[in-house]
Amino acid sequence: VIDIRKLYAQTGMFTYDPGFMSTASCQSTITYIDGDKGELLYRGYPIEQIATKCDYLDTCYLLLNGELPTDTQRGAFHKLVINHTMVHEQMQFFLRGFRRDAHPMAVLTGLVGALSAFYHDSTDINNPEHRDISAIRLIAKMPTLVAMAYKYGMGQPFMYPRNDLSYAGNFLRMMFGTPCEDYKVSPVLERALDRIFILHADHEQNASTSTVRLCGSSGTNPFAAIAAGVACLWGPAHGGANEAALNMLEGIQREGGVAKIGEFVAKVKDKNSTVKLMGFGHRVYKNYDPRAKLMQQTCNEVLDELGLHNDPLFALAKALEKIALEDDYFVQRKLYPNVDFYSGIVQRAIGIPVKLFTGIFALARTVGWIAQLNEMIGDPEYKIGRPRQLYTGSVRRDVP
Ligand code: ACO
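Everything numeric here is computed off the predicted structure, so don't read it as measured data.

Asks: Just checking my understanding: could you explain the packing of helix H10 (residues 207-216) against helix H18 (residues 357-378) for this structure?
Replies: Axes are the key here: two packed helices are described by the angle between their axes and the distance separating the axes. Remark: H10 packs on H18, axes separated minimally by 9 Å, with the N-to-C direction vectors making an angle of 40°. Taken together, the axes of H10 and H18 are oblique relative to one another. Taken as a pair, H10 and H18 cross one another with a handedness that is right-handed. In this structure, H10 contributes Ser-208, Thr-209, Val-212, Arg-213 and Gly-216 to the contact, and H18 contributes Arg-365, Trp-369, Gln-372, Leu-373, Glu-375, Met-376 and Ile-377. Of the residues belonging to the contact of H10 with H18, the class tally is five nonpolar, four polar and three charged.

Given below as structure tokens:
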């Protein structure tokens, strides 16, 4: 690793690296990925162990504080989060300004940004107390905001949070409960959703996390920085891939299902086509994404629980994966399923509409964004992010 800053100070030289293919933008102690081995660690703990032994709020505590909570810390943290699950009543009027058919990510970007207009006591990013309380507010309120965006789109009444439920259970109830009946949370679906949250909680310097860091480096408030992350996540090359992967599977299914996989793969491999196998490939993983393995297991559990083990889309996804993993095009480029390949099938089975998939991802990733933002602001060497450019435009000339 070369520290280019020294080279720049001595010679004025800088590097050209579009897409940050080979440039570390920061030092970090939060998440480690070994892309060749297919390994993911949160604060040193393997994702497989976190996903089976911890819940999402434990994971949040770990990402924010560096250690897993003791029993006392767990209790205090859970209590703190559930104290902040309500959003300011006025937020409803802001939400009502959107068209009901607006994409939930458009709504969510607006709602998260608007939090800074409601919680003025936590907008100074350089004040550790402001950062702490805005972190808790964001983690606690994201499920409420995502569920509100969903209910609004459906034309159904909002459901207020129920703080005796788990983080995932409360979210399921706010999504699928109605004021007229007592919603019973299925423990299998609750666990599955909790696992989706854990697997999406952080993933080092991806596009949205880098966006949050860059945005926060200007000294803007934490809500604005997280809103920037939500906006970036929306893109189909990033968080929007879960929505795109499910749409792709449904498209193949409509065309004839498993029998049409060969034709679809041929389209993907065609040099003149822009069709991609969505949910496949990753900038860092050049081996199986460990989150995809866990997600496939969860998919089995959820479909079994719901009596959907013969789900044609799951069968199609597994057949597509098998064919791709044996195909030279994918083998040579080291393209494997990423977390989004199976997460859409799980979410669809739970009843989450496709348009909301990326919103669920944003909800889960909020803690990672905050942990990364806090790490950056806490670093005495942090500076405003300001990439250089290679100017290729016209030389100086005069207006005629
Ligand atoms: N389907 C078909 N071909 C692919 C795919 C894919 N999903 N992904 C990469 N390739 C090909 C590229 O066309 C390129 O081929 P070439 O060498 O013949 O030009 C080669 O593999 C290298 O791909 P790049 O695009 O250079 O890789 P990069 O690291 O820039 O992109 C990315 C990574 C954006 C994730 C890409 O693999 C992709 O678009 N995948 C589909 C979208 C997706 O699933 N995104 C989710 C990422 S994970 C997340 O955000 C949670």
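The discussion continues.
Asks: What is the right way to look at the pattern of salt bridges in this model?
Replies: Here the idea is simple: oppositely charged side chains can pair when their charged atoms come close. Counted according to the given criterion, the structure contains 17 salt bridges. Taking the shortest distance from any N to any O, the salt bridge between Asp-311 and Arg-348 comes out at 3.6 Å. Remark: Arg-348 occurs in helix H17 (residues 340-350) and Asp-311 occurs in the loop between helix H14 (290-305) and helix H15 (312-325); sequence separation between them is 37 residues. Overall, the relative accessible area of 8% leaves Asp-311 in the buried class. What emerges from the salt-bridge pattern is a single network uniting Asp-3, Arg-5 and Glu-381.

Asks: Help me understand the site of the ligand in this model?
Replies: Residues in contact with the ligand amount to 21 residues; listed here are only the nearest, Leu-277, Gly-279, Phe-280, Arg-283 and Asn-338. Backbone polar atom of Leu-277 to a nitrogen atom of the ligand: 2.8 Å apart, as the coordinates give it. Side-chain polar atom of Asn-338 to an oxygen atom of the ligand: 2.9 Å apart, as the coordinates give it. The protein chains hide 73% of the 920 Å² of surface that the ligand would expose on its own. Residue classes in the shell around the ligand are distributed as eleven nonpolar, five polar and five charged.

Asks: Whenever I open this one, the side chain of Asp-340 confuses me. Can you help?
Replies: Mapped onto the secondary structure, Asp-340 falls in helix H17. Arg-291 provides the closest opposite charge to the buried, salt-bridge-free Asp-340, at an N-O distance of 6.8 Å.

Asks: Would you take a moment to explain the environment of Met-154 for this structure?
Replies: Summarising the element assignment, Met-154 is placed in helix H7 (residues 128-154). On a C-alpha basis, the gap between Met-154 and Asp-101 in space is 8.7 Å, while along the polypeptide they are 53 residues apart.

Asks: Please clarify how unusual backbone geometry should be interpreted in this entry.
Replies: A negative phi angle is the norm for most residues apart from glycine, just as the trans form is the norm for most peptide bonds. The backbone phi angle of Glu-204 is positive, close to 40°, even though this residue is not glycine. In this fold, Glu-204 is placed in the loop between helix H9 (187-199) and H10.

What counts as what
- Residues numbered from 1 in each chain as written.
- Predicted model: local features only at pLDDT ≥ 70, side-chain atom pairs only at ≥ 80, totals over all residues.
- Heavy atoms only, no water.
- Axes fitted to C-alpha atoms, helices over the stretch in contact; angles between N-to-C directions.
- Helix = DSSP H or I, 4+ residues; strand = E, 2+ residues; numbered from the N terminus.
- Parallel < 35°, antiparallel > 145°, perpendicular 65-115°, else oblique.
- Left-handed = near helix turned anticlockwise from the far one by under 90°.
- Contact = heavy atoms within 4.5 Å.
- Nonpolar A, V, L, I, M, F, W, Y, C, P; charged D, E, K, R; others polar.
- Salt bridge = Lys/Arg side-chain N within 4 Å of Asp/Glu carboxyl O.
- Buried < 20%, exposed > 50% of the residue type's maximum accessible area, 1.4 Å probe, protein only.
- Near = heavy atom within 4 Å.
- Polar contact = N/O pair within 3.5 Å; in protein donor to acceptor, adjacent residues only side chain to side chain.
- Areas by Shrake-Rupley, 256 points an atom, 1.4 Å probe, with all protein chains shown as cover.
- Lys, Arg positive; Asp, Glu negative; His and termini not counted.

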